[in-house]
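Listed below are the residues making up each chain.
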Amino acid sequence: MICQECNQRPATLHFTNFSNGEKTELHLCERCAHEKGEMFMMNQGHGFSLNHLLAGLLNIEPALQPNTKEHFHQEEIIQCSRCHMTYPQFVKIGRFGCAHCYDTFKEQLGPIIRRLHSGNSVHNGKIPKRAGGTISMQRNLTALKETLGELISKEEFEKAAELRDEIRALEKRLAEQHRGGE
Amino acid sequence: MSLERFISQAVSSWMSTEGPDSDIVLSSRIRLARNLSQFDFPTLATNEEAFKVTAAVEEWANSGSHPGASRFEMVKMNDIQPLQKRVLVEKHLISPHLAENSRHGACLLSENEEYSIMVNEEDHIRIQCLFPGFQLSEALSAANEIDDLMEESLDYAFDEKYGYLTSCPTNAGTGLRASVMMHLPGLYLTQQINRIVPAINQLGLVVRGIYGEGSEALGNIFQISNQITLGKSEDDIVEDLKSVVKQLISQERSAREALAKTSNIQLEDRIFRSYGILANSRIIETKEAAGCLSDVRLGIDMGYLKDISKNILNELMILTQPGFLQQYAGGPLRPDERDIRRAAMIRERLKMEIKEQ
């Protein structure tokens with residue numbers, strides 16, 4: 001049997017995939033399978049590293065989602081417009097090519113990030129002064145609004161009024177920053 | 001060169017000074033991963049881009065806005081010999097990856113070697129602070145200070161949702177890896193360590209042997225670090241690690257007390273035998289040396305051995321590695337020659353202790 005991908009080398013790896021009751025088969029040579037990032041499934045004999053583990057994690061994900069009929073065909077390979085890294089490449093090396101990749105692969109990334117970080121998906125730490133822009137002010141505002149809600153439910157209206165003024169001032173400053181930035 | 005002079009030049013601050021709880025926690029380290037938004041990450045960056053990253057960091061280093069008295073010296077991987085790189089790796093100042101596989105890799109070292117900023121490793125910038133003893137919070141604020149100063153003139157890749165964007169998604173968010181190096185002979189001798197390691201893993205922390213990933217714990221030295229970098233604040237990550245380390249410290253102390261009570265003479269025998277081997281052997285392998293050094297350090301901490309300085313373990317663990325031995329010898333050595341050199345260095349170092357009395 002000849003590899004379906006390159007139509008040159010003999011196919012040594014055979015995949016069978018069942019999804020939505022439909023059976024798909026794929027026959028690949030080792031090189032093409034590797035390029036497709038499927039290696040994790042039969043990763044024997046090679047040194048096992050964090051990268052392999054990560055590659056495994058990255059690759060399992062699509063199989064868990066419904067509508068993966070097209071999984072093997074991958075007609076549309078997602079590619080980062082800035083550094084030209086493709087999703088299969090990312091899966092293989094477990095590293096992004098540039099900061100823009102986080103945006104390019106955002107749909108695939110969500111579940112991966114949650115899996116790697118115990119279910120967490122949003123940064124909750126330090127915000128850089130310059131690159132963070134108004135994010136810290138916005139975060140502060142959200143926190144203040146939450147406190148305001150708590151104060152109102154506890155009927156502590158005097159404190160709530162003070163806090164409301166503070167929120168208004170912050171919102172005003174934020175609006176000014178936005179205007180200034182444009 | 002005399003051994004004394006060699007040591008004084010080779011030893012970083014964390015090896016020679018004592019910190020809080022340094023009978024058990026040898027060192028505390030904080031690492032922050034940062035990238036510059038305008039360049040591709042080092043994995044894909046062109047040579048030209050990698051060069052520009054190094055140049056940008058070098059310019060920052062020369063601009064002079066650094067905390068305290070610490071001046072930074074830039075060491076470029078292309079400019080130094082393989083043996084010098086190996087020595088930097090053995091001192092935990094740079095990673096093997098930076099030494100061997102980086103393009104335009106460099107590091108900024110502070111004079112006391114408490115700070116080391118790697119450039120063009122897996123990420124553009126990795127700020128590291130290595131402090132003696134149990135000083136995680138102190139190391140975190142020191143690293144933050146450098147981070148803030150760098151951010152003043154360098155454009156970081158940052159995203160509201162995913163925080164600091166890193167080359168590998170396992171570091172995204174805070175980009176923070178906090179770790180401690182702990183000497184836990186009591187837990188080993190009382191056979192508790194095999195139960196404790198899996199328990200620590202379940203808490204989202206990673207336990208490793210001293211020399212990084214995948215190696216067994218040589219000389220009862222374990223490195224414990226956080227796994228998760230996203231979703232928790234820097235302070236929470238450090239506090240969570242600290243609370244586990246505190247528990248380990250108290251368990252190690254009670255294991256040592258129990259050992260002294262139940263098998264005092266056996267313990268004393270073990271310590272003095274190990275001392276005997278270190279003081280007299282003519283050939284010694286890394287593994288045996290590490291085990292004996294662990295026993296001797298335990299003996300010092302528990303008062304069986306007097307008049308020997310505590311930092312002998314930290315120092316000799318580092319100095320008896322292949323790179324240092326060859327640097328001291330002034331040239332390459334075969335493994336069997338290293339074992340002879342190692343034994344000689346340890347004997348000589350112990351003699352220095354006796355002289356000083």
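Residues numbered from 1 in each chain as written. Chains lettered and ligands numbered in written order. Predicted model: local features only at pLDDT ≥ 70, side-chain atom pairs only at ≥ 80, totals over all residues. Heavy atoms only, no water.

Right, let's get into the overall build of chain A. The helix and strand inventory of chain A stands at 7 helices and 2 strands. Secondary structure elements in chain A, listed N-terminal to C-terminal, are β-β-α-α-α-α-α-α-α. Across the 182 residues in chain A, those meeting the buried criterion constitute 39%. Long-range pairs, those at least 24 residues apart, make up 39% of the contacts in chain A with a sequence separation of at least 6. (Helix = DSSP H or I, 4+ residues; strand = E, 2+ residues; numbered from the N terminus. Buried < 20%, exposed > 50% of the residue type's maximum accessible area, 1.4 Å probe, protein only. Contact = heavy atoms within 4.5 Å.)

For chain B, the helix and strand inventory stands at 14 helices and 10 strands. Relative to the compact-globule value of 21 Å for 357 residues, chain B shows a C-alpha radius of gyration of 21 Å, a close match. For chain B, the residues scored as buried account for 60% of the 357 residues in total. Of the roughly 14,800 Å² that chain B leaves accessible, carbon and sulfur atoms contribute 47%. (Rg over C-alpha atoms; globule rule 2.2 N^0.38 Å. Areas by Shrake-Rupley, 256 points an atom, 1.4 Å probe, with all protein chains shown as cover.)

Take the sheet that holds strand β8 (residues 176-183) of chain B next. Residues and elements named next belong to chain B. What the 8 strands build is an open sheet, ordered β2-β3-β4-β5-β1-β8-β10-β9; its pairing is antiparallel. Only two strands of the sheet have a single neighbouring strand rather than two, namely β2 (72-76) and β9 (205-209). Averaged over all adjacent pairs, the angle separating strand axes in this sheet is 20°, with direction ignored. The pairing of strand β4 (residues 115-119) with strand β5 (residues 125-132) spans 5 bridges and is classified as antiparallel. Bridge pairing links Ile 117 to Ile 127 in β5. Where helix α6 (residues 136-153) meets the sheet, its contacts fall on β1 (25-34), β2, β4, β5 and β8, and the angle it forms with β5 comes to roughly 150°. (Pairing = 2+ DSSP bridges. Axes fitted to C-alpha atoms, helices over the stretch in contact; angles between N-to-C directions.)

Residue and element names in this part refer to chain B. What the domain assignment lists for chain B is domain 1 (3-173) and domain 2 (255-356). Roughly 2,000 Å² of surface becomes buried between domain 1 and domain 2 when both sides are summed, with 67% attributable to carbon and sulfur atoms. Seen at the junction of domain 1 and domain 2, the total is 4 residue pairs in polar contact (both at pLDDT 80 or more). Looking at the side of domain 1 that touches domain 2, the elements with two or more residues in it are α1 (3-10), α2 (13-16) and α4 (82-90). Considering each element in turn, the side of domain 1 that touches domain 2 owes the most residues, 5 residues, to α1. Per-class residue counts for the side of domain 1 that touches domain 2 are 11 nonpolar, 3 polar and 6 charged. (Domains from an automatic or database assignment. Buried area = accessible area lost by both parts, 1.4 Å probe. Polar contact = N/O pair within 3.5 Å; in protein donor to acceptor, adjacent residues only side chain to side chain. Nonpolar A, V, L, I, M, F, W, Y, C, P; charged D, E, K, R; others polar.)

Aromatic ring pairs: the centre-centre distance and the angle between the two ring planes describe each pair. Under the definition given, this model contains 11 aromatic pairs over all chains. Summarising the aromatic geometry, the rings of Phe72(B) and Tyr115(B) are spaced 6.2 Å apart at their centres and angled 75° between planes, so their arrangement reads as edge-to-face. Of this pair, Phe72(B) sits in strand β2 while Tyr115(B) sits in strand β4, and the two are 43 residues apart along the sequence. Owing to a relative accessible area of 11%, Tyr115(B) belongs among the buried residues under this scheme. Among the aromatic residues, ring-to-ring pairing joins Tyr87(A), Phe90(A), Phe96(A), Tyr102(A), Phe105(A) and Tyr162(B) into one connected group. Between Arg34(B) and the ring centre of Tyr164(B), over which it is positioned, the NZ or CZ distance is 3.4 Å. (Phe/Tyr/Trp six-rings, centres within 6.5 Å; stacked < 30°, edge-to-face > 60°. Lys NZ or Arg CZ within 6 Å of the ring centre and 35° of its normal.)

The next thing to look at is the confidence of the model for chain A. All names here are of chain A. Per-residue pLDDT for chain A has a mean of 75; in total, 69% of the residues score no lower than 70. Mean pLDDT values over the elements of chain A span from 57, in helix α2 (residues 50-64), up to 92, in helix α4 (residues 101-104). For residues 61-70, every residue scores under 50 in pLDDT, and the model assigns this stretch 13 contacts once sequence neighbours within four places are set aside. (pLDDT = per-residue confidence, 0-100.)

This part is about the UniProt feature "domain: UVR" (unreviewed entry) in chain A. In this numbering, the UniProt entry assigns the feature "domain: UVR" (unreviewed entry) to residues 138-173 of chain A. Note that residues 138-173 of chain A is 92% helix and 0% strand, and that its end C-alpha atoms are spaced 11 Å apart. (UniProt positions renumbered as here; feature names shortened; annotations may be inferred.)

All names here are of chain B. Remark: α1 packs on helix α13 (residues 322-329), axes separated minimally by 11 Å, with the N-to-C direction vectors making an angle of 130°. With respect to each other, α1 and α13 are oriented oblique. α1 and α13 meet at a crossing whose hand is right-handed. Contacts between α1 and α13 involve Leu 3, Phe 6 and Ala 10 on the former and, on the latter, Phe 324, Gln 327 and Tyr 328. Counted by class, the contact of α1 with α13 contains 5 nonpolar, 1 polar and no charged residues. (Parallel < 35°, antiparallel > 145°, perpendicular 65-115°, else oblique. Left-handed = near helix turned anticlockwise from the far one by under 90°.)

All names here are of chain B. In terms of burial, β8 is a largely internal element, 8 of the 8 residues being buried. Burial of β8 is two-sided: the residues Leu 176, Ala 178, Val 180 and Met 182 facing one way and the residues Arg 177, Ser 179, Met 181 and His 183 facing the other way are all buried. In the sheet, β1 pairs with β8 via 7 bridges, with the strands oriented antiparallel. Across the sheet, the residue bridging to Ile 30 is Ala 178, located in β8. Pairing geometry for β8 and strand β10 (residues 221-226), over 5 bridges, is antiparallel. The residue bridging Ser 179 from the neighbouring strand is Ser 225, located in β10.

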